[in-house]
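Close look at the chain arrangement
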Amino acid sequence: MKIMFYDTKPYDKIWFQPMGQDMGFQMKFQEVKLNEDTAVLAKNYDAVCIFVNDDAGKNTIRILKELNIHTILLRCAGFNNVDLKAAQEAGIQVLRVPSYSPEAVAEYAMGLILAANRKIHRAYVRTRDFNYNINGLMGIDLVGKTAGVIGTGKIGQMMIDILKGFKMKILAYDPYPIESLEVEYVDLDTLFERADVISLHCPLTKDTRHIINKRSISKMKDGVILVNTSRGALINTSDLIDALIRQKFTGVGLDVYEEEDEYFFEDKSDDIIRDEDLVRLTSFRNVILTSHQAFFTKDAMEAIARVTLENAKAVEEGRELKNIVLP
Ligand code: NAI
């Protein structure tokens, strides 16, 4: 199989190149993202391999079909950037990596909670400037406080385990609760009302888009800590900014951002940033914004490459596609 990789960085090749060669794939690595303008680069290939911010919408799929591409290999878990219905109609199968390292994401989410609570990011900057004053860096003990976990899938469950280690009370919300999970499921409003710390671990769907909005924020306790390592559009950014201005939050940790496509994973340090919400978010001292890196561990990258290429092998050999994504 000939696979065209889009939106690749040097770190993608570390595992994909040797593993893919061993498995007999012909691969080419493009830096550009997949969209309707760049789809043509996959001419004479069988499959495209894409990541979270590639655009596999209806128009892109139409061009991929014209090029006889039969497979889209997502090297990530989320698939909100693929028009699954259009892919199905075009006869293009979509495969993903449903789980590579839930630990990596949950550990990172906990890192954001700890940093937001104890202002570690601010302390780091201060001591670099030989400022050893600790005014404004006070946090709270997490032990005995209440954490709200939205989405109790693989990452949410790992998060619950970590939070239990901190001896926090845990509330969870998921429309598909898991009976065997030792956690108190509550409705969303109750979670918003009672949690001191809220961590989002649900996928982006039409039901979860802007699940954090003016209304839900108004239900939350003053001084709550909010962490989003899932997808940016779970949060209505302008409602979040309004609440930050009103000093609603002790801290907010964002590894994802609603309009991240143009910025995240790229060095924009010499550019004028035209996204005013992004600049505004970055300006709040109590917001830690990172560039979609929660997944980024050696273990996760190795697993992503292995499962993506195993998915491709299963297609090539006509085997059962256990990681297929259907509309
Ligand atoms: P998963 O599929 O195992 O779990 C998702 C859970 O969310 C399921 O239990 C599902 O029932 C629940 N859910 C569905 N609709 C919901 C709703 N309306 N409200 C609350 N919960 C709902 O997925 P996993 O592996 O735990 O990943 C969760 C999300 O994390 C992914 O969808 C992806 O967006 C994000 N992610 C972010 C990464 C990063 O680097 N920042 C890396 C990997 C995943």
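Residues numbered from 1 in each chain as written. Predicted model: local features only at pLDDT ≥ 70, side-chain atom pairs only at ≥ 80, totals over all residues. Heavy atoms only, no water.

Concerning the overall build of the protein
If you tally the helices and strands in the protein, you get eleven helices and twelve strands. In terms of overall dimensions, the protein is globule-like: its C-alpha atoms have a radius of gyration of 21 Å, near the 20 Å expected for 327 residues. A principal-axis box enclosing the C-alpha atoms of the protein has dimensions of 60 × 50 × 35 Å. Here the protein holds 327 residues, and the buried ones make up 51% of them. Across the protein, the fraction of contacts at a sequence separation of at least 24, relative to all contacts at a separation of at least 6, is 67%. Here the protein displays about 16,300 Å² of accessible surface, and carbon together with sulfur accounts for 49% of that area. (Helix = DSSP H or I, 4+ residues; strand = E, 2+ residues; numbered from the N terminus. Rg over C-alpha atoms; globule rule 2.2 N^0.38 Å. Buried < 20%, exposed > 50% of the residue type's maximum accessible area, 1.4 Å probe, protein only. Contact = heavy atoms within 4.5 Å. Areas by Shrake-Rupley, 256 points an atom, 1.4 Å probe, with all protein chains shown as cover.)

Description of unusual backbone geometry
For N44, which is not glycine, the phi dihedral falls at a positive 75 degrees. N44 sits in the exposed class, given a relative accessible area of 58%. The backbone phi angle of F265 is positive, close to 80 degrees, even though this residue is not glycine. Looking at the element boundaries, F265 is found in the loop between β11 (249-254) and α10 (276-283).

As for the domain arrangement of the protein
Domain annotation of the protein identifies domain 1 (2-100 + 297-316) and domain 2 (102-289). Averaged C-alpha coordinates put domain 1 and domain 2 at centres separated by 30 Å. Taken together, the contact between domain 1 and domain 2 spans 14 residues of the former and nine residues of the latter. Roughly 1,000 Å² is buried in total at the junction of domain 1 and domain 2, and carbon and sulfur atoms are behind 50% of that figure. Counting the surface domain 1 buries against domain 2, the share from its top three residues, K9, N53 and N80, is 41%. Applying the counting criterion to the domain 1 and domain 2 interface returns two salt bridges. (Domains from an automatic or database assignment. Buried area = accessible area lost by both parts, 1.4 Å probe. Salt bridge = Lys/Arg side-chain N within 4 Å of Asp/Glu carboxyl O.)

With respect to the pattern of salt bridges
Summed over the entire model, instances satisfying the criterion amount to 15 salt bridges. Where D12 meets R75, a salt bridge forms, and the shortest distance between an N and an O atom there is 3.8 Å. You can see D12 sitting in helix α1 (residues 10-22) and its partner R75 sitting in the loop between β4 (71-74) and α3 (84-90), a full 63 residues away along the chain. Each of the two residues, D12 as well as R75, counts as buried.

Some remarks on the state of the cysteines
In the structure shown here, the tally under the stated rule is zero disulfides. Unpaired in terms of disulfides, C76 finds its nearest cysteine sulfur in C49, a separation of 8.6 Å. (Disulfide = S-S within 2.5 Å.)

Here's the deal with α1
The terminal C-alpha atoms of α1, which comprises 13 residues, lie 19 Å apart, in line with the 18 Å expected from a rise of 1.5 Å per residue. A maximum bend of about 35 degrees is found in α1 at F16, where proline P18 lies one to four positions downstream. Along α1, the residues classified as buried are D12, F16, M19 and G20. Buried residues along α1 sit against β1 (2-5), β2 (26-29) and α11 (298-316). Downstream of α1 by one or two residues, G24 has phi in the positive range, about 85 degrees. (Expected span 1.5 Å × (residues − 1). Bend = angle between axes of the 7 residues up to and from the residue.)

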